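As a plain string of letters, each chain reads:
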Amino acid sequence: MIKWRAESTHLCFYPFLSSASKYVEESGATLENLISSATFERARLRGKARILEAIKDGVIIKPAVITNAQAEMELLSYPFARILVSCIHDAHLVRRYVLSEAKAAHELLLADSSRDGDIIYEMAEEFSIHVDFFREHVQMPFVDYLRFTANLHDKKWKLVNRGLEKGRVKLEKGEFIRIIQEAIYERIMKDLPLNVPIAVCGAIKGYTDDIKRELEETRKKFGDAECFIVKDPNFFPPCITHILSNLKEGINVTHGARFAVTAFLLNLGLTEDEIIEIYKNSPDFEEEQTRYQVRHIAGDMGSVRYTAPSCGTMRTYGNCIGSDDICEKISHPLNYYRLKLKTKPKKSQAKAHA
Amino acid sequence: MNDKTKKFVTAKFGEYYRRTKVEIPTDLGMREWGFVLFDHYYPAKLVMRRHKAFTAEDELVNHLRENAPAHAYHSTAIYKYPTAKMAEKGWLGADLIFDLDADHVIGEAEFQSYTYEHILMSVKEETLKLIDFLLNDFGFPGNQMELVFSGSRGYHIHIETEQVRGLGSRERREIVDYVMATGLDINSFLVADSKVKSGKKSGREDLMLIPEGWGKRVLKGLIVFLHEIAAMEEKQAIKEVKSVGAMERKKAKEILRIANDETVMSRIEKGQIPRFSDSIWQGLSKSAEAKYSAYADKPDAPVTADIKRLIRLPTSLHGKSSLQVKPLSIDTFDDFDPLVDAVVFGDSLIEITATRNSSITMKGESYEVEEDEVASVPEHAALYFLCRGVAEIK
């Protein structure tokens, strides 16, 4: 590996790299210092700024870094931001923050890789992806490809639409960098929220309060549409409504339909208990069994976190029932919900009509 | 199946397990096992005795010899605690499994008119297609795929490499979608030809249909279709294009012109696609689809997507047919005839009473029984009729 890569001025922009955490470890900065020492105030402020930028802009802006001291502050702001976001206990904020970090890294990587091709090798190595590099494209094993494209829903990412030969998937370089973003997302998300001692959260309350305030204001301004906190059944697609009404009436519902409705509601952010409640009228209800299944779909048991089935899958299993004109515009039941939520009349307008 | 028949069949199955070396799956001790016995519930109710585990080969072998089960299954998954309740098993990974069964390969309407031999043939064709996908697209070496006759009307493929063990359900679903061509979008394979020098680009150069993965099958479908209509009489060809491509007569004629144009065809055969108008390309895509959809496979998708499935133990017996769940070699698969090669019982004559009309051809001999008829047939045919539930032991 090239020597300068271990330098803080490089690492501070990719603080999730294993060499970056090693650098932090070896720098001698302790948790106690990081949260309270005056030396690290700039790191703490920058850590807070990372999260505020995530809330406001959805991406984290990388500052100009010239000196080693600046680089170290930038680097240390990352673990501090992780502590902050963990103390706030808000799953939506965690996701938004992680996505913003990953997006920022992706943008930087696009720019850096056009200047220095080696950085893609470095990333592939970092995430143990066995990539073969060619002039115009890269090839990676389909198993790695599938693992890192779990959250990429555009049809162009479907394996069936890729050149797959002898177990290797062909990708353009830009596409591979997009996949690295997914790997970065996974890396940053890992272990979040951290299990931070209450005393530590207490010591940095000043920072977390500022963040909470910003979070509330942003939510007020934009509504909670993106955060999916509103769970209004009036906005559910007809297929889900149909299954829910059958469950309510105690009609036995197929396994596939149960899966669909459970995944859909989990994706909207309903809790395990709220979902179990829905199944209580089923003729074959068994709480323990249901809890197990809900947890499995939620991905709490080492399985993949499931996304509700797409319209295509719903159709395949005969669960697409009562399709309406909004269904024409979407290919996924969750998008039905999003679309209807976006177009819902504002309260004031509703009043004017009344 | 009456008690006397159950006793007879159990004894015969037991003999089989005493004289046969059964296949021991990898990671034996980490798998869950399940068995259906010829018990007093059978066959009205199939009671699966599951959550069992065996730490040593002997234990499994003895269990099979003592119980002579109607059906024997092991988990595709390996677990930390295979005997625990589902939630507490500690999933560590699972083999990648494909199940090709007549139910999924043949439409319900055709099912009635097909003979057993005919059904088996169709499923075999689908299995050969799947093997091609696994070897050439997914790159699994032949020696890492275990091909098994299911003992009834289909085939299983087990892949047990480390590489696939950790795949989750979603990833497995993507693999199934691939072999079934679910969600295939032709346009994903259509790109601007990078070989054209950038300086000369006019925006009207041919596009390239990338001949990789499904791209090669799409291209093949397109070419086959165009050749087919070129060989037809004009009237018939236009009718064909109109219906397959769902388009009006004028456009259909245009497509026929393409098919008859040698220079355009020679470009298409090299994967170069002229920049057709949207409506023409749409018609061509639909026409290609009509052909390439035949290259798609029809496995039982949920089986592959399920990471905690039980699957039949290769070399065990299938209680509804008495045939062996037989491991096969890909090289000799073409010659495999289940009604000869998966027959494990002998030729001594056994007297049975038929309870329904039925017929079967085994080892090249045809047997037919009529309701209430007492027949003396070779042991292997007798066990087939008894297991099928169309006869009782005399």
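Novice: How should I be thinking about the packing of helix α13 (residues 255-268) of chain A against helix α18 (residues 333-342) of chain A in this particular structure?
Specialist: The description of two helices packed together rests on the angle between their axes and the distance between the axes. Residue and element names in this part refer to chain A. In contact at an axis separation of 10 Å, α13 and α18 are set at 40 degrees when each is read in the N-to-C sense. Considering their axes alone, α13 and α18 lie oblique with respect to each other. The two elements α13 and α18 meet at a crossing, and its hand is right-handed. Packed against α13, whose contacting residues are Phe264, Asn267 and Leu268, the element α18 presents Pro333, Leu334 and Tyr337 at the interface.

Novice: Just to check I follow, could you spell out the interface of chain B and chain A for this structure?
Specialist: How big an interface is tends to be stated in terms of the accessible area lost upon association of its parts. With 35 residues of chain B at the contact, the number on the chain A side is 25 residues. The largest share of the area that chain B buries against chain A comes from Arg170, Glu174 and Glu212 of chain B, three residues that together contribute 20% of it. At the boundary of chain B with chain A, the tally comes to 6 salt bridges. Note that Lys85 of chain B and Glu288 of chain A form a salt bridge whose closest N and O atoms lie 3.1 Å from each other. Run the count over chain B and chain A and you get 16 residue pairs in polar contact (both at pLDDT 80 or more). Where the side of chain B that touches chain A is concerned, the elements lending two or more residues are α5 (116-137), α7 (169-180) and α8 (214-231) of chain B. By residue number, the principal contributor to the side of chain B that touches chain A is α7 of chain B, which donates 8 residues.

Novice: Teacher, can you tell me more about the state of the cysteines here?
Specialist: When the sulfur atoms of two cysteines share a covalent bond, that bond is a disulfide. All names here are of chain A. By the definition in use, this model includes 1 disulfide over all chains. Across a sulfur-sulfur distance of 2.0 Å, Cys87 and Cys201 are joined as a disulfide pair. Because the torsion about its S-S bond is -85 degrees, the bridge between Cys87 and Cys201 counts as left-handed. One end of the pair, Cys87, is in helix α5 (residues 68-88); the other, Cys201, is in helix α10 (residues 198-203), with 114 residues separating them in the sequence. Cys201 matches Cys87 in its accessibility class, with the two residues each being buried. With no disulfide of its own, Cys239 has Cys320 as its nearest cysteine by sulfur position, at a separation of 6.2 Å. Overall, the relative accessible area of 10% leaves Cys239 in the buried class. For the unlinked cysteine Cys311, the closest cysteine sulfur is that of Cys327, found at 6.3 Å.

Novice: Can you help me understand the confidence of the model for chain B in this one?
Specialist: As a general rule, the predicted coordinates of low-pLDDT regions are not to be interpreted in detail. Across chain B, pLDDT averages 92, with 97% of residues at or above 70. This prediction of the complex comes with two scores: 0.79 for pTM and 0.89 for ipTM.

Novice: Just checking my understanding: could you explain the nonpolar core for this structure?
Specialist: One broad trend across soluble globular proteins is that nonpolar side chains are buried collectively. One finds Phe142 and Phe176 of chain A together with Phe138, Trp214, Leu226 and Ile268 of chain B to be the most contacted residues of the largest nonpolar core, which totals 193 residues. When residues in this core are grouped by element, the largest group, 12 residues, is from α5 of chain A. Ignoring any residue separated from it by four or fewer positions in sequence, one finds Phe176 of chain A in contact with Ile120, Ala124, Ile129, Val131, Phe133, Val138, Met140 and Leu171 of chain A. Membership of the second largest hydrophobic core comes to 28 residues, among which are Leu244, Val261, Ala263 and Leu265 of chain A.

Novice: Any chance you could explain unusual backbone geometry here in plain terms?
Specialist: Among all residues save glycine, negative phi is the norm, and among peptide bonds the norm is trans. The amide bond that connects Leu192 of chain A to the next residue, Pro193 of chain A, takes the cis arrangement and shows omega of -10 degrees. Checked against the element boundaries, Pro193 of chain A lands in the loop between α9 (173-189) and α10. In this structure, Ala181 of chain B is a non-glycine residue whose phi angle is positive, near 65 degrees. Examined against the element boundaries, Ala181 of chain B turns out to sit in the loop between α7 and β9 (190-192).

Novice: What is the right way to look at the domain arrangement of chain A in this model?
Specialist: In terms of domain boundaries, chain A breaks down into domain 1 (3-205) and domain 2 (227-352). Each of domain 1 of chain A and domain 2 of chain A has a C-alpha centre, and the two are 32 Å apart.

Criteria and cut-off values
- Residues numbered from 1 in each chain as written.
- Chains lettered and ligands numbered in written order.
- Predicted model: local features only at pLDDT ≥ 70, side-chain atom pairs only at ≥ 80, totals over all residues.
- Heavy atoms only, no water.
- Axes fitted to C-alpha atoms, helices over the stretch in contact; angles between N-to-C directions.
- Helix = DSSP H or I, 4+ residues; strand = E, 2+ residues; numbered from the N terminus.
- Parallel < 35°, antiparallel > 145°, perpendicular 65-115°, else oblique.
- Left-handed = near helix turned anticlockwise from the far one by under 90°.
- Contact = heavy atoms within 4.5 Å.
- Buried area = accessible area lost by both parts, 1.4 Å probe.
- Salt bridge = Lys/Arg side-chain N within 4 Å of Asp/Glu carboxyl O.
- Polar contact = N/O pair within 3.5 Å; in protein donor to acceptor, adjacent residues only side chain to side chain.
- Disulfide = S-S within 2.5 Å.
- Buried < 20%, exposed > 50% of the residue type's maximum accessible area, 1.4 Å probe, protein only.
- pLDDT = per-residue confidence, 0-100.
- Core = buried A, V, L, I, M, F, W, Y, C linked by side-chain atoms within 4.5 Å.
- Domains from an automatic or database assignment.

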